[in-house]
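In case you want the letters, here they are:
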Amino acid sequence: MIYNKIESAGREEIEKVQLKRLKEVVSRVYYLSPFYKKKFDELNITPDDIKSLEDIQKLPFTKKQDLRDNYPFGLFTVPMSEVVRIHSSSGTTGKPTVVGYTAHDMDVWNEVMIRCYYMADVASKDIVHNAYGYGLFTGGLGFHEAAQKIGAAIVPASGGFTQRQLMLMRDFGATILCATPSFALHLAEEAKKEGPEFRKNYKLRAGFFGAEPTSKGLREEVAKAWRIDYYEVYGLSEIIGPGVSCSCNMGEGLHINEDHFYPEIIDPKTGEVLPEGEEGELVLTTLTKHALPIIRYRTGDITRLDRTPCACGRTFVRMESVRGRADDMLIVNGVNVFPSQVEHVIANTEGVSLNYQIVVDKKGYLDKLELMVEVDERIMFDDVAKLEKIKKELQQALLNNLYINAIVHLVEPKSIERSMGKAKRIVDKRK
Ligand SMILES: [Zn+2]
């Protein structure tokens, strides 16, 4: 099922809509956002300079740091009375990235998420088990409302509690699973303990997976483990949340909702737009958002675009599954973690030094983050009660600030290997 006519419209029609909306969003940010006004003035650009879609290349990029620098609401272009939802994600310096939505923006978000669900013909008869985390992250609620609008029964299970999740999926007869791919595999691994016929206990037919870069092998493993159709959803809170793009039943890339989000691929080093089909960093411009319109956002995600016709009938451009990040960000069970964020937490914890090492590994199908930290030399290493207190504080701070369940190991001063050059702070054993 295709939800909107525009999804299968001709290129000319799509581009007409895009250009009209691009002009609107450029005017919006120019007249309503002091941040963009300044940037445009520096480049000597006004909204009148946008006459074609190619003219987007004249516009400045927006980076994650710009959102942080304008914390919390500095980039909003509507009064707070029009904002109906606020989400946020953690940031490297302790200040999170904040995003806001008007009622109109929520309609846009729901529309693109409904389009995703329609890829798998999700309908009122379906029971959607949503194991994305609910809260400030856009994952949980992003999948929530659209399912409800379709008329499906949504089960807001949120993350964690593997056994309880499986029980609910069995007892409620979930037909659709929404989760990170690694969690879906972990669920399957646990479900296998019910016996070789475990799949008979479940009614799952399809799943919507995302929030982590995945290999083809992993996607196939998830589909095989549950014997379900695998749909990949891509998104980021700065643009809207999940729903920027979604794979169709042909399984050859993710259709970008390009009437709402205009994609470009650039060379991450030079910022130049790359020729069609080349791999590079995905840049997105929101064409229809009101509260937080974003011009040419550098996602940091590496992918390529494909405009060849898709057998599903949709004409929206497809992006490949994201290969990885342009920077050094770690993704641990779908949560973004910058090493500098961990360092920030350590720096704010009493009794430990900044000599540390992060070890990321797989435990079954889930990621496991271990943090080795040297205790401060002033702490007696045989003071077990004191050490236990520091460890707990650190684990709690990592959970509160970065939303990660880290395993903390306090080690003796000078026990972590020193390197002569750049400190080896991260050991990623998953690679
Ligand atoms: Zn398709």
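Since the model is a prediction, treat every value here as computed from it, not as a measurement.

Criteria and thresholds
Residues numbered from 1 in each chain as written. Predicted model: local features only at pLDDT ≥ 70, side-chain atom pairs only at ≥ 80, totals over all residues. Heavy atoms only, no water. Helix = DSSP H or I, 4+ residues; strand = E, 2+ residues; numbered from the N terminus. Rg over C-alpha atoms; globule rule 2.2 N^0.38 Å. Buried < 20%, exposed > 50% of the residue type's maximum accessible area, 1.4 Å probe, protein only. Polar contact = N/O pair within 3.5 Å; in protein donor to acceptor, adjacent residues only side chain to side chain. Pairing = 2+ DSSP bridges. Contact = heavy atoms within 4.5 Å. Axes fitted to C-alpha atoms, helices over the stretch in contact; angles between N-to-C directions. Core = buried A, V, L, I, M, F, W, Y, C linked by side-chain atoms within 4.5 Å. Donors = N, O, S within 2.8 Å, 3.2 Å for Na, K, Ca; no water. Tetrahedral: all angles 85-135°; square planar, octahedral: opposite > 155°, others 65-115°. Phe/Tyr/Trp six-rings, centres within 6.5 Å; stacked < 30°, edge-to-face > 60°. Lys NZ or Arg CZ within 6 Å of the ring centre and 35° of its normal.

Caption draft 1: Region of interest: the overall build of the protein. Along the protein, the regular secondary structure elements total ten helices and 21 strands. Its C-alpha atoms give the protein a radius of gyration of 23 Å, near enough to 22 Å, the size a compact globule of 431 residues would have. Principal axes of the C-alpha set define a box for the protein whose edges measure 70 × 60 × 45 Å. Looking at the 431 residues of the protein, the share that counts as buried comes to 55%.

Caption draft 2: Looking closely at the side chain of Glu374. Its location among the elements puts Glu374 in strand E19 (residues 366–375). A relative accessible area of 2% means that Glu374 is categorised as buried. A polar contact is formed between the side chain of Glu374 and the backbone nitrogen of Ser415, at a distance of 3.2 Å.

Caption draft 3: Inspection of the sheet that holds strand E14 (residues 318–319) at higher detail. Within the open sheet, the nine strands sit side by side as E4-E3-E5-E6-E7-E8-E9-E14-E13. Their pairing is mixed. Unpaired on one side and paired on the other, strand E4 (153–155) and strand E13 (305–306) mark the two borders of the sheet. Bridge count between strand E6 (residues 206–210) and strand E7 (residues 229–236): five bridges; the pairing is parallel. Within the sheet, the bridge partner assigned to Phe208 lies in E7 and is Tyr231. This element, helix H5 (residues 138–150), spans strand E3 (127–130), E4, strand E5 (176–179), E6, E7 and strand E8 (241–247) of the sheet and lies at about 70° to E8.

Caption draft 4: Expanded view of the nonpolar core. In this structure, Tyr117, Val128, Phe208, Tyr234 and Val244 are the most contacted members of the largest nonpolar core, which totals 74 residues. The element best represented in this core is helix H4 (residues 103–119), accounting for ten residues. Within the second largest apolar cluster, 26 residues are counted, among which are Val332, Val345, Ile390 and Leu398.

Caption draft 5: Looking closely at the coordination of the zinc ion. Protein-derived coordination of the zinc ion comes from Cys248 (SG), His255 (NE2), Cys310 (SG) and Cys312 (SG), at a distance range of 2.1 to 2.3 Å. One can describe the site at the zinc ion as tetrahedral: its four donor atoms subtend angles covering 102 to 113° at the metal. In the primary structure, the donors to the zinc ion are separated according to the pattern C-x6-H-x54-C-x1-C. Here His255, found in strand E9 (residues 254–256), pairs with Cys310, found in the loop between E13 and E14; they are 55 residues apart in sequence, far enough to count as distant. Residue His255 is classed as buried on the basis of its relative accessible area of 2%.

Caption draft 6: Highlighting the environment of Tyr234. Assignment of secondary structure puts Tyr234 in strand E7. It is 48 Å that separates the C-alpha atoms of Tyr234 and Met380, two residues lying 146 residues apart in sequence. Excluding residues within four positions of it along the chain, Tyr234 makes contact with Gly241, Pro242, Gly243, Val244, Ser245, Leu254, Leu282, Leu284, Thr299, Asp301, Met319 and Val322.

Caption draft 7: Structural view of the environment of Met319. Checked against the element boundaries, Met319 lands in strand E14. A C-alpha to C-alpha distance of 8.8 Å links Met319 and Glu252, two positions 67 residues apart in sequence. Contacts of Met319, omitting those with residues within four sequence positions, involve Tyr234, Ser245, Gly253, Leu254, Ile256, Leu282, Thr303, Arg304 and Leu305.

Caption draft 8: Here's a closer look at the sheet that holds strand E20 (residues 406–411). Taken in spatial order, the four strands line up as E20-E19-E18-E21 in an open sheet, and their pairing is mixed. If you trace the sheet from one side to the other, it starts and ends with E20 and strand E21 (426–428), each paired once. Averaged over all neighbouring strand pairs, the angle between strand axes comes to 15°, with direction disregarded. As judged from the three bridges shared by strand E18 (residues 352–363) and E21, these two strands associate in the parallel manner. Each residue of the ladder has a partner; that of Ile358, found in E21, is Ile426. Across the sheet, helix H10 (residues 384–402) lies against E18, E19 and E20, angled at about 145° from E20, the strand it touches most.

Caption draft 9: How the structure looks around the packing of aromatic side chains. Summed over the entire model, instances satisfying the criterion amount to 15 aromatic pairs. Geometrically, the ring pair formed by Tyr30 and Tyr31 is edge-to-face, given 5.0 Å between the ring centres and 90° between the ring planes. Classification of Tyr31 by relative accessible area gives exposed; the value is 61%. Taking 4.5 Å as the distance between ring centres and 10° as the angle between the ring planes, the aromatic pair formed by Tyr132 and Phe143 counts as stacked. Here Tyr132 is found in the loop between E3 and H5, whereas its partner Phe143 is found in helix H5, with eleven residues between them in sequence. No difference in accessibility class separates Tyr132 from Phe143, as the two residues are buried. An aromatic cluster of at least three residues, connected via ring pairs, comprises Tyr30, Tyr31, Phe35, Tyr36 and Phe40. The lysine or arginine in question, Arg164, covers the ring of Phe161, its NZ or CZ lying 4.7 Å from the ring centre. The ring of Phe61 has Arg298 sitting right over it, with the charged end atom 5.3 Å from the ring centre.

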